[in-house]
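# Architecture and fold: a report
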Amino acid sequence: MKIYRIFNSLILATVAVGCHRETTTDQPSGPKVEGDKITFATNAPQLGYLMVEPAQERKAAAVGLYGRLAWNDDVTVRVYSPVAGRVTAVPVEVNQRVAAGDTLAALDSPDFGQALANARTAAGNFAAADKSLTRAKELFTHGAAAQKDVEATEAAFVAASAERDRAAATLANYGGSADSTNEIYSLRSPLAGVLVEKNISPGQEIRSDLMLANAQQFFNPQFVVTDPTRLWLFLDVSELDVTALTPGREIFIHTPAYPDKIFHGRLDIIGRELDPTTRTIKARCLVDNGDNLLRAEMYVTVDVASSGAAGVNVPTKALFLKGEQHCVFVETAPAQFARRTVKLGVESNGRTAITDGISPGERVVGEGCLLLESILEGDNP
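The rules we used
Residues numbered from 1 in each chain as written. Predicted model: local features only at pLDDT ≥ 70, side-chain atom pairs only at ≥ 80, totals over all residues. Heavy atoms only, no water. Helix = DSSP H or I, 4+ residues; strand = E, 2+ residues; numbered from the N terminus. Contact = heavy atoms within 4.5 Å. Areas by Shrake-Rupley, 256 points an atom, 1.4 Å probe, with all protein chains shown as cover. Expected span 1.5 Å × (residues − 1). Buried < 20%, exposed > 50% of the residue type's maximum accessible area, 1.4 Å probe, protein only. Salt bridge = Lys/Arg side-chain N within 4 Å of Asp/Glu carboxyl O. Polar contact = N/O pair within 3.5 Å; in protein donor to acceptor, adjacent residues only side chain to side chain. pLDDT = per-residue confidence, 0-100. Pairing = 2+ DSSP bridges. Axes fitted to C-alpha atoms, helices over the stretch in contact; angles between N-to-C directions. Parallel < 35°, antiparallel > 145°, perpendicular 65-115°, else oblique. Left-handed = near helix turned anticlockwise from the far one by under 90°. Nonpolar A, V, L, I, M, F, W, Y, C, P; charged D, E, K, R; others polar. Phe/Tyr/Trp six-rings, centres within 6.5 Å; stacked < 30°, edge-to-face > 60°. Lys NZ or Arg CZ within 6 Å of the ring centre and 35° of its normal.

On to the overall build of the protein chain. In terms of helices and strands, the protein chain carries 6 helices and 24 strands. In the protein chain, the proportion of contacts linking residues at least 24 apart, taken out of those at least 6 apart, comes to 73%. Of the roughly 22000 Å² of accessible surface on the protein chain, a fraction of 53% belongs to carbon and sulfur atoms.

Looking now at helix H3 (residues 147-173). End to end, H3 covers 39 Å across 27 residues, agreeing with the expected 39 Å (1.5 Å per residue, within 8%). What H3 keeps buried is the set Val 150, Thr 153, Ala 160, Ser 161, Ala 167 and Leu 171. On the buried face of H3, the contacting elements are helix H2 (110-141). Gly 175 sits one or two residues past H3 and shows a positive phi near 90°.

Our next topic: the pattern of salt bridges. Per the stated rule, a full pass over the model turns up 18 salt bridges. Between Asp 268 and Arg 284 there is a salt bridge, with its nearest N and O atoms 2.7 Å apart. Placement of the pair is Asp 268 in strand E16 (residues 258-274) and Arg 284 in strand E17 (residues 281-288), with a sequence separation of 16 residues. The class of Asp 268 is partly exposed, set by a relative accessible area of 22%. Using a relative accessible area of 18% as the deciding quantity, one classes Arg 284 as buried. By sharing partners, the salt bridges in this structure join Asp 36, Lys 322, Arg 339, Glu 373 and Glu 377 into a single network.

Turning to the side chain of Arg 339, a few remarks are in order. Assignment of secondary structure puts Arg 339 in strand E22 (residues 336-348). A polar contact is formed between the side chain of Arg 339 and the side chain of Asp 36, at a distance of 2.7 Å. If near-sequence neighbours (up to four positions away) are discounted, Arg 339 is found in contact with Asp 36, Phe 320, Lys 322, Cys 327, Val 328, Phe 329, Glu 373, Leu 376 and Glu 377.

Along the polypeptide, Thr 316 turns up in the loop between strand E19 (312-315) and strand E20 (320-322). Residue Thr 316 is classed as partly exposed on the basis of its relative accessible area, which comes to 28%. Placed 31 residues apart in sequence, Thr 316 and Glu 347 show a C-alpha to C-alpha distance of 7.4 Å. When neighbours within four sequence positions are excluded, Thr 316 is seen to be in contact with Glu 347, Gly 350, Arg 351 and Thr 352. From its side chain, Thr 316 meets the backbone nitrogen of Arg 351 in a polar contact 3.3 Å long.

Per-chain confidence: the protein chain averages 84 in pLDDT, with 84% of residues scoring 70 or above. Under a pLDDT of 50 for its full length, residues 1-25 has, in the predicted model, 0 contacts with residues more than four places off or in other chains.

Before going further, it helps to spend a moment on the sheet that holds strand E12 (residues 205-206). The 4 strands lie next to each other as E10-E9-E7-E12, forming an open sheet whose pairing is antiparallel. A single partner strand is all that each edge strand has here, and the edge strands are strand E10 (184-188) and E12. In this structure, strand E9 (residues 103-108) lies alongside E10, joined through 5 bridges in antiparallel fashion. Within the sheet, the bridge partner assigned to Leu 107 lies in E10 and is Tyr 185.

On to the packing of H2 against H3, then. In contact at an axis separation of 8 Å, H2 and H3 are set at 160° when each is read in the N-to-C sense. Between H2 and H3, the angle is such that the two are roughly antiparallel. Crossing angle aside, the handedness with which H2 passes H3 is left-handed. Class assignment of the residues belonging to the contact of H2 with H3 gives a composition of 17 nonpolar, 7 polar and 6 charged.

On to the packing of aromatic side chains. Taken as a whole and assessed by the stated rule, the structure comprises 6 aromatic pairs. Consider the rings of Phe 126 and Phe 157, whose centres lie 5.2 Å apart with planes at 40°: the pair is tilted. Linking Phe 126 in helix H2 with Phe 157 in helix H3, this pair joins segments that are 31 residues apart in sequence. Ring geometry for Trp 232 and Phe 234: centres 6.1 Å apart, planes at 85°, overall edge-to-face. The ring of Phe 126 has Arg 164 sitting right over it, with the charged end atom 4.0 Å from the ring centre. Against the face of Phe 263 rests Lys 261, its NZ or CZ located 5.5 Å from the ring centre.

Here it is in structure tokens:
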């Protein structure tokens, strides 16, 4: 019986040693580090913590810029009344198309009446001075007047002529003429377009100097006329983005009001200074709004078209800092990864632009880059 027990013990020990050797043989070896490269065994458990995806080619130089639409000042006029008075009529409505010279409002204006009276008085004085000069010259020709009388009438004629021109210019500046019959002043549109803003009503008292007051209810224009098919777009551009932008570049505009539609425009002017509060640079774009879907003061997001190779997009979580440099890990072969220094572009929606260091199609580690970095730095898990 003892011999049988000893024999069984030897058999169990042999089986245990064999199993231990088999387990040891199947265990994967640790990662191999060479410089900035890491190589794993094909069955290494660390590979299960890594997620790799190809870098995507960028079609835009900047993505997800924020901006605000505004009326194009090149085709917009903000109308203020140059005279004081009481509004008697407002024959136009918002969104109405007006022609250059159309009456926007009528004002009973003492200022305009005084300018009209001055112009008529100056015209009468000029006519009298002209007749006096003609008569003085005739008398001088017949020896009935002295030379000094002629010179005096000539001086009076010149003064009357100057006063007539000044009074006529003042009246014309108000938009009137000597043919006007009363002191009702017509506030007219200087250009053709669409009336998009109206801030007066009949019976309201208007003063020409209120635009100088530091109060919004006073310095708002009485009317705004513009061409709504041509808008301006003001962008807030970061320091990283502005280096990729140049005037004339095409832009693609997205707005929540029309999520399935892309509007087009182009970069016009890029600012020269940084806003100290927002740390952004202002850029102005010209926007084609021929279908009249966009509105001034809308907030939009903008992608700027690339003029050529614009780099790639990678997940933002694929990036990490090594000192002051941004790095990623690239899969150079199955189970083999290399650390690479890159230059960053703009970040948007969880993805970051890489302007240098990665080529389109290269496989980048999106998750697990810190695990690889710890192995590369000698802290092997």
